[in-house]
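# Descriptive analysis of the structure
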Amino acid sequence: MRTGTVKFFNNKNKFGFIIDDVTKKEYYIHAKGIDGIVNADDRVQFELKSAKKGWECTQVKRIE
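None of the values given here were measured: they were computed from a predicted structure. (Residues numbered from 1 in each chain as written. Predicted model: local features only at pLDDT ≥ 70, side-chain atom pairs only at ≥ 80, totals over all residues. Heavy atoms only, no water.)

## Focus on the environment of Val 38
Summarising the element assignment, Val 38 is placed in the loop between β3 (26–30) and β4 (43–51). As for Val 38 and Val 6, which are separated by 32 residues in sequence, their C-alpha atoms are 7.6 Å apart. (Helix = DSSP H or I, 4+ residues; strand = E, 2+ residues; numbered from the N terminus.)

## A look at the sheet that holds β4
In space, the five strands of this closed barrel follow the order β1-β2-β3-β5-β4, with mixed pairing throughout. Between one strand axis and the next, the sheet turns through 50 degrees on average, direction left out of account. By the bridge criterion, six bridges tie strand β1 (residues 2–10) to strand β2 (residues 15–20) in an arrangement that is antiparallel. Across the sheet, Thr 5 pairs through a bridge with Ile 19, a residue of β2. (Pairing = 2+ DSSP bridges. Axes fitted to C-alpha atoms, helices over the stretch in contact; angles between N-to-C directions.)

## A look at the layout of surface pockets
Its volume calculated, the largest pocket comes out at about 180 Å³. Of all the secondary-structure elements, those providing two or more residues to the lining of the largest pocket are β3 and β5 (54–62). Tallied by class, the residues present in the lining of the largest pocket amount to four nonpolar, one polar and four charged. (1 Å grid on protein atoms, 1.4 Å probe; cavity = no way out; pocket = protein on both sides within 12 Å on 5 of 7 lines; lining within 4 Å. Points joined across faces, edges and corners; volume = space filled by probe spheres on them. Nonpolar A, V, L, I, M, F, W, Y, C, P; charged D, E, K, R; others polar.)

## Observations regarding the pattern of salt bridges
The full count for this structure, using the stated rule, is six salt bridges. Arg 2 is the salt-bridge partner of Asp 20, the closest N and O atoms lying 3.0 Å from each other. Within this pair, whereas Asp 20 is found in strand β2, its partner Arg 2 is found in strand β1, the two being separated by 18 residues in sequence. Overall, the relative accessible area of 33% leaves Arg 2 in the partly exposed class. Arg 62 is the partner of Glu 64 in a salt bridge, and the nearest nitrogen-oxygen pair spans 3.8 Å. (Salt bridge = Lys/Arg side-chain N within 4 Å of Asp/Glu carboxyl O. Buried < 20%, exposed > 50% of the residue type's maximum accessible area, 1.4 Å probe, protein only.)

## Some words on the packing of aromatic side chains
Tallying each qualifying case throughout the model produces five aromatic pairs. Summarising the aromatic geometry, the rings of Phe 15 and Phe 17 are spaced 6.4 Å apart at their centres and angled 90 degrees between planes, so their arrangement reads as edge-to-face. Look at Phe 17 and you get partly exposed, because its relative accessible area is 28%. The interplanar angle of 75 degrees and the centroid separation of 6.1 Å between the aromatic rings of Phe 17 and Tyr 28 together place this pair among those described as edge-to-face. Of this pair, Phe 17 sits in strand β2 while Tyr 28 sits in strand β3; the two residues are 11 residues apart in sequence, bridging distant segments of the chain. (Phe/Tyr/Trp six-rings, centres within 6.5 Å; stacked < 30°, edge-to-face > 60°.)

Quick look at the structure:
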């Protein structure tokens, strides 16, 4: 699994972005791909899947 940091997450609109630790690229995240709750600056692990507009994070879990 990849690891990264939540750059931004809007709980009202249920989307945000994660910055990958290795590539430093931003990836889109939607609430449907999150296991639990995430907030800005949380450390997370995640997988990527191809989506309509690029890559999307799935199986997102906060790292304690």
